Amino acid sequence: MRGEWSGLQALFLNECPYAYCAHCFAHRLQLALIAASRDVISVYQFFSKLTFIVNIITSSAKRHDQLQAAHLAEIERLLELEELETGKGKNQIDTVKRAGDTRWGSHFGSLNSLLNMYNASCSVLQTVIKEGKGAQRGEADKAYDDMTSFEFVHVLHIMIQILGITNDLCQALQRKSQDILNDMHLVSNTKILIQKLRDDGWENLLQQVLLFCNNHDIEKLNLKSQLNLFLLEIKEHPQLDSLKSISDLCRWLAETEKGEIYYLIDRLVRLVLTLPVSTATAERAFSAMKLIKTALRNRMEDDYLTDSLIVYVEKGIAKEFDIDSIIDEFASKKDRRSLLKIWRTNK
């Protein structure tokens, strides 16, 4: 309860100085969520960016009209593509909502409104960048960069999932008639759902984030973020402990299709397998080229040159070849005018 000096709390204290003011359960839940979010740096930075973005988008009536016009155009486009369902009360033109620390469920509503009006919000920011004056353009550009970053989109989806679970509890705690026993069961169920999200929900969540990024042309994970997520993946898959080499890891990424999710790690592994340990092999190849393709062989074609270089550069492996098996392979390709096998036997 607010208003310790001149608000409702002060009026109660004037009538009864010994009155004890306590927050309701829904208000306590809201304050607990806010306090927990401030302890996580990435989440705290996300909500700071969210407030900054919403303030820029809704700072004037003109921008509010631009936002609604852009949202209307987006709804019409999606309806033409049949990507939205039609019906009574659906596809309403809305606005981006502000989040308040003392307003119950306001953060969940703010996140949902921003997600539903993501393209429209980006359109307004781009308009401000082009047509704004002075510091407005710089602020809009920073807000646009924050909003179109993978980290922002990732945390946005995470918080919608978490606050979506706690929102049902928040709505139940706001009822006039409270049943403590039912509320206790609801709290227990909420904790179970959050634990389930922690244990099994990350892969589906990541798929949603990647799909959202693909649909909105957002640059995906950087290598550092992918490595952090891949470390969590390793803990969930004990079979990775049996991998003994980088080639085994590359094969596992391909077989499980994890390379599509951790595409930067997959690319890095392939580069490690492709690149030589040193430049000595490449230098030997260029030296061998001078010995193979001499002035008398200047008309040698690429295929024959490549085959000759492989045999020369990998001479250690070539020495282990069996000459008889090579002759047999060559003789079996097609009929020859000379009987190589008979000639070899007689010799």
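Just so it is clear, the structure is predicted and the values come from calculations on it, not from any experiment. (Residues numbered from 1 in each chain as written. Predicted model: local features only at pLDDT ≥ 70, side-chain atom pairs only at ≥ 80, totals over all residues. Heavy atoms only, no water.)

Draft legend 1. Fine view of the overall build of the chain. The number of helices and strands found in the chain is 18 helices and 0 strands. Pairs at least 24 apart in sequence give 60% of the contacts found in the chain among residues at least 6 apart. Carbon and sulfur atoms make up 55% of the accessible area of the chain, which totals about 24100 Å². (Helix = DSSP H or I, 4+ residues; strand = E, 2+ residues; numbered from the N terminus. Contact = heavy atoms within 4.5 Å. Areas by Shrake-Rupley, 256 points an atom, 1.4 Å probe, with all protein chains shown as cover.)

Draft legend 2. Structural view of the side chain of Ser308. Along the chain, Ser308 falls in helix H15 (residues 302-313). Among the polar contacts made by the side chain of Ser308, one reaches the main-chain carbonyl oxygen of Tyr304 at a distance of 2.9 Å. (Polar contact = N/O pair within 3.5 Å; in protein donor to acceptor, adjacent residues only side chain to side chain.)

Draft legend 3. Structural view of the pattern of salt bridges. Evaluation of the coordinates by the stated rule reveals 4 salt bridges. A salt bridge links Asp266 to Arg270, with the nearest nitrogen and oxygen atoms 2.8 Å apart. Residue Asp266 and its partner Arg270 are located together in helix H13 (residues 263-274), separated by 4 residues, close to a single helical turn. Assessed through its relative accessible area of 41%, Arg270 is described here as partly exposed. (Salt bridge = Lys/Arg side-chain N within 4 Å of Asp/Glu carboxyl O. Buried < 20%, exposed > 50% of the residue type's maximum accessible area, 1.4 Å probe, protein only.)

Draft legend 4. Looking closely at the packing of aromatic side chains. As enumerated under the stated definition, the model contains 3 aromatic pairs in all. A ring pair is formed by Phe46 and Phe47, whose centres lie 5.2 Å apart and whose planes are at 70 degrees; its orientation type is edge-to-face. This pair shows no difference in class: Phe46 is buried, exactly as Phe47 is. The interplanar angle of 80 degrees and the centroid separation of 5.0 Å between the aromatic rings of Tyr118 and Phe212 together place this pair among those described as edge-to-face. Taken together, the residues Tyr118 in helix H6 (residues 118-131) and Phe212 in helix H10 (residues 202-215) connect sequence positions 94 residues apart. Taking relative accessible area as the criterion, Phe212 reaches 10% and is therefore assigned buried. Ring-pair connections join several aromatic residues into one group, and the members of that group are Phe46, Phe47 and Phe152. (Phe/Tyr/Trp six-rings, centres within 6.5 Å; stacked < 30°, edge-to-face > 60°.)

Draft legend 5. The arrangement of a nonpolar patch on the surface in detail. Together, Ile246, Leu268, Val272 and Leu273 make up an exposed nonpolar region whose accessible area comes to about 320 Å². When residues in the nonpolar patch are grouped by element, the largest group, 3 residues, is from H13. Within the fold, Ile246 resides in helix H12 (residues 246-255). With relative accessibility at 39%, the residue Ile246 sits in the partly exposed group. (Patch = residues over 30% accessible without salt bridge, like charges linked within 9 Å, V, L, I, M, F, W, Y side chains within 5 Å.)

Draft legend 6. Geometry of the nonpolar core. Counting residues in hydrophobic clusters, the biggest one holds 48 residues, and the most contacted among them are Phe46, Phe47, Leu111, Met147 and Met159. Those residues within four positions of Leu111 in sequence are excluded, and the remaining contacts are Phe46, Phe47, Leu50, Leu156, Met159, Ile160 and Leu163. Counting 5 residues, the second-largest nonpolar core is a separate cluster that includes Ile292, Met300, Leu305 and Leu309. (Core = buried A, V, L, I, M, F, W, Y, C linked by side-chain atoms within 4.5 Å.)

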